[in-house]
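# Fold and geometry: a report
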Amino acid sequence: MRLIYQILWKDHSRTHLLGAFLGTLAGFVLLLAGIQFYIDIKSVLAENRDLLDPEYIVINKKVNIGQTLGLGRSGFTEDEIKELSEQAFADQVEPFLSNEFPVSGYTENERFPDFYTELFFEAIPDEFIDVKSDEWVWDPELGNIPVIIPQDYLNLYNFGFAPSQGLPQIPKGVLSMINFKLRLRGKYGFDDYNGQIVGFSNRIHSILVPLDFLTWANEKYGYFDKSNPSQLIVVSKDPTDPSIIRFLEEKGYDTIREKLKSSRMNIILKLIISFLVVVAAIIIGLAFLVFLLSLQLMISRSSDKIKKLNKLGFHYREISRPYILLLLVLMIAVTGLSLLVTSLLANKFHGMTLEWSLNTSSSLHGILFGISLGLVALISLANITAILISTKKLCK
Amino acid sequence: MIFRFEKMIPLPLLEQDTEGSEVWEAPSLLIEQGKSYVVEAASGRGKTSLLSVMYGIRHDYQGEVYLDDDNISSFGWKKWSALRKNKLSVIFQGLELFDDLTSLENILLKNNITAYRSRDRIVELARALGMEPFLNRKAGILSFGQQQRVAIIRALVQPFDFLLADECFSHMDKENTFKAYELIQKECSERNAGLVLTSLNETDLPGINTRLML
């Protein structure tokens, strides 16, 4: 059968086939490298917990002048909470619990100036708090109240207030060591408790106490009218979902936009990768077309020979075989080479990211083999079909 | 194997005067295996058309053609491909050789389909027609008469029940014509095959059972 190959291969166009080969190769490398690095970067970001973990979004209503004048309530009603929790982006919605009694704090320490302030407390379940501390427990026997304050409060003091007033800056550790008293005032008297700052939250801008403490204290001291929660915390698995921002704007709710911006990295990454995938798809598509056309050109250049072979008794499938073999050889070469080039790139990338102390994979992810084989199978199948159709057309 | 023609006539010949034709005007015509036929006519009377219909590369005709009991219009490419491999062999008027291949390669291309003849036997056939020295020359540079002999050998390296030879001696001298005809007859009787030879005027060939005037 060597002769039939010799006859039919003579009419190939080397430049067309080479162009199609290189184009397909480039498309494959782009696609495979894009996927490889996407998986890598995603796993790197996953270690960096802030970015790809579910996002915690604290939502409040916008304050308007009506509320200032005491005409409206800024709290969320039960219906509003229910509506929010029904949104697709909201995996969990939890209202903040507020104190229903007056609280004040003061220091009794010779090393610090006396200090007194009215305070408020809020509480949410522990799982929403980004500070993990062994001291974050409420034990009624001990009467110690752990408190978490926003990191920003400390920054405000250390970098704003203290330097301008000639006061010393206070490091986190020292602040945690300061004991102060918390006075909880009930309708018929008050009690003093020891308070201690056990952590600083980046996520929640409020003065937090453990939920079981506040529930207990509201029971014991509370006498205010129950008010609607003024803040909600929403957990969203996909903070990149644009419907979050749309919903908030529609409802006139407010949040710290910066929080959502932190997810921008993810959006940009996804954008770049999808752009890459689209470009790769276009290149592969075009290369596929060139492949198809070069093979068809080859067949039509050989049409006289194909007709002759058919007259001699060759089956059209036998006549297609040289074309199919050529196609398969090129396709296998494309797969092999693209995987090789991608793995070289991955290796290089691995070396580079090591310098940035990021850990990416130095070998190819298994899924790449699947993807490239699937694509090659698809392209080959389509081409083989086209070859069979056009050779059959020439045969009688 | 028997070809049976029922008032078959290629469509282009309908507009032509075919009066007196022993093929186109015959109500029924049998071409049987084991017999030799010469179809004689001047150019343009449909000699090649007749062979093309029998070989399945022309389908534009009126009437019916049966191979044994099957109407050949019901044959698909699969059937024709099988017939051309084992039952029907043809020497085309246009030869249909591959110019880039040597004479031997042209013959081997066909022989490889069924591996019917050994290489030695092919060389013997070539020797019989005086073509042995040209076996390794490209077919494209041979004279037409030499090419005709390559095409004849190529047609003989497969099993067949009918050999269809379309003016295959047109460019050969008397001596070569005789040698080639002798070889063809020998090969046909070896296979008990039928021979259909078209010709402008090969009147003096021996061993012909039937002469048909187109």
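Residues numbered from 1 in each chain as written. Chains lettered and ligands numbered in written order. Predicted model: local features only at pLDDT ≥ 70, side-chain atom pairs only at ≥ 80, totals over all residues.

### Observations regarding the overall build of chain B
Regarding its fold elements, chain B presents six helices and nine strands. Scored against the burial criterion, the 214 residues of chain B give a buried share of 43%. Across chain B, every contact between residues at least 6 apart in sequence was considered, and the portion connecting residues at least 24 apart equals 79%. (Helix = DSSP H or I, 4+ residues; strand = E, 2+ residues; numbered from the N terminus. Buried ≥ 20, exposed ≤ 12 C-beta atoms within 10 Å, placed from the backbone. Contact = placed C-beta atoms within 7 Å.)

### Overview of the interface of chain B and chain A
Listed as interface residues are 16 residues of chain B and, on the opposing side, 14 residues of chain A. Of all elements in the fold, only helix 2 (77–86) and helix 3 (103–114) of chain B reach the threshold of two or more residues within the side of chain B that touches chain A. In terms of residue count, helix 3 of chain B provides more of the side of chain B that touches chain A than any other element does, six residues in total.

### Focus on the nonpolar core
Among the nonpolar cores identified, the biggest contains 99 residues, and B:I152, B:I153, B:L163, B:L164, B:L195 and B:V196 are the most heavily contacted of them. The greatest single-element share of this core, amounting to ten residues, is contributed by helix 2 (residues 14–47) of chain A. Among all residues touching B:I153, those that are not within four sequence positions of it are B:I107, B:L125, B:A126, B:L129 and B:M131. Counting 32 residues, the second largest nonpolar core, distinct from the first, contains A:V93, A:I145, A:I148 and A:L208. (Core = buried A, V, L, I, M, F, W, Y, C linked by C-beta atoms within 7 Å.)

### A closer look at the sheet that holds strand 7 (residues 162–166) of chain B
Residues and elements named next belong to chain B. Taken together, the five strands give an open sheet; going across it, the order is 6-7-8-3-9, and neighbouring strands pair in parallel fashion. Two strands lie at the open edges of the sheet, namely strand 6 (88–91) and strand 9 (210–213), each paired on one side alone. In this sheet, adjacent strand axes meet at a mean angle of 15° when their direction is disregarded. For strand 6 and strand 7, the ladder comprises four bridges, and the chain directions are parallel. From the neighbouring strand, S89 faces strand 7, where its bridge partner is L163. Where helix 1 (residues 47–55) meets the sheet, its contacts fall on strand 3 (36–40), strand 6, strand 7 and strand 8 (194–199), and the angle it forms with strand 7 comes to roughly 150°. (Pairing = 2+ DSSP bridges. Axes fitted to C-alpha atoms, helices over the stretch in contact; angles between N-to-C directions.)

### Let's talk about the pairing of strand 8 (residues 180–186) of chain A
All names here are of chain A. Sheet topology places strand 4 (residues 103–106) next to strand 8; four bridges connect them, and they run antiparallel. Its bridge partner lying in strand 8, Y106 is registered against K181. As judged from the seven bridges shared by strand 8 and strand 9 (residues 189–201), these two strands associate in the antiparallel manner. The residue of strand 9 that forms the bridge with L182 is Y193. Joining the antiparallel neighbours strand 8 and strand 9 is a turn of two residues.

### Some points on the environment of B:T48
All names here are of chain B. Along the chain, T48 turns up in helix 1. Along the backbone, T48 and F92 are 44 residues apart, and their C-alpha atoms lie at a distance of 8.6 Å. Setting aside chain neighbours within four positions, we find T48 in contact with Q93 and D166.

### Notes on the packing of helix 5 (residues 144–156) of chain B against helix 6 (residues 174–191) of chain B
Residue and element names in this part refer to chain B. Interaxial distance between helix 5 and helix 6 falls to 11 Å at its minimum, and their mutual angle equals 5°. Between helix 5 and helix 6, the angle falls in the class roughly parallel. The segment helix 5 lies against helix 6, with G145, R149, I152 and L156 engaging N176, A180, I184 and E187. (Parallel < 35°, antiparallel > 145°, perpendicular 65-115°, else oblique.)

### Details of helix 5 of chain B
Residue and element names in this part refer to chain B. For helix 5, with 13 residues, the first-to-last C-alpha span of 19 Å sits near the 18 Å given by 1.5 Å per residue. By the criterion of burial, helix 5 is predominantly enclosed, with eleven of the 13 residues buried. Buried within helix 5 we find Q146, Q147, Q148, R149, V150, A151, I152, I153, R154, A155 and L156. On the buried face of helix 5, the contacting elements are strand 6, helix 3, helix 4 (119–128), strand 7 and helix 6. (Expected span 1.5 Å × (residues − 1).)

### With respect to the confidence of the model for chain B
With 99% of its residues at a pLDDT of 70 or more, chain B shows a mean pLDDT of 91. Here the predicted complex scores 0.66 on pTM and 0.87 on ipTM. (pLDDT = per-residue confidence, 0-100.)

### Section: the sheet that holds strand 9 of chain A
Residues and elements named next belong to chain A. On the basis of which strands lie adjacent, the open sheet formed by five strands has the order 5-4-8-9-7 and mixed pairing. Strands at the two margins of the open sheet, each flanked by one partner only, are strand 5 (116–119) and strand 7 (144–150). Taking each pair of neighbouring strands and ignoring which way they run, the sheet shows an average axis angle of 35°. Pairing of strand 7 with strand 9 involves seven bridges; the strand directions are parallel. Within strand 9, the position partnered with V147 by the bridge is I197.

### Looking at the environment of B:S89
Structurally, B:S89 can be placed in strand 6. The residues contacting B:S89, other than those within four sequence positions of it, are B:A155, B:Q158, B:F160 and B:L163.

### Quick word on helix 2 of chain B
Three or four residues apart is the spacing at which side chains of an α-helix point the same way, because the helix has 3.6 residues per turn. Burial in helix 2 of chain B covers these residues: B:W80, B:S81, B:L83, B:R84 and B:K85. The secondary structure elements touched by the buried residues of helix 2 of chain B are strand 6 and helix 3 of chain B.

### Some words on the environment of B:E96
Within the secondary structure, B:E96 is located in the loop between strand 6 and helix 3. Judged by local crowding, B:E96 falls into the partly exposed class, with 18 C-beta atoms found within 10 Å. Considering only alpha carbons, one finds B:E96 and B:N106, ten residues apart in sequence, at a separation of 9.8 Å. When near neighbours in sequence (up to four residues on either side) are disregarded, B:E96 contacts A:K308 and A:K311.

### Things to note about the packing of helix 1 (residues 2–9) of chain A against helix 13 (residues 316–355) of chain A
Residues and elements named next belong to chain A. Across the interface, helix 1 lies against helix 13 with an axial gap of 9 Å and an inter-helix angle of 70°. By the angle between their directions, the pair helix 1 and helix 13 is classed as roughly perpendicular. By crossing handedness, the relation of helix 1 to helix 13 is classed as right-handed. Residues I4, Y5, L8 and W9 of helix 1 form the contact with helix 13, whose own contacting residues are E318, P322, Y323 and L326. Grouping the amino acids of the contact of helix 1 with helix 13 by side-chain chemistry returns seven nonpolar, no polar and one charged. (Left-handed = near helix turned anticlockwise from the far one by under 90°. Nonpolar A, V, L, I, M, F, W, Y, C, P; charged D, E, K, R; others polar.)

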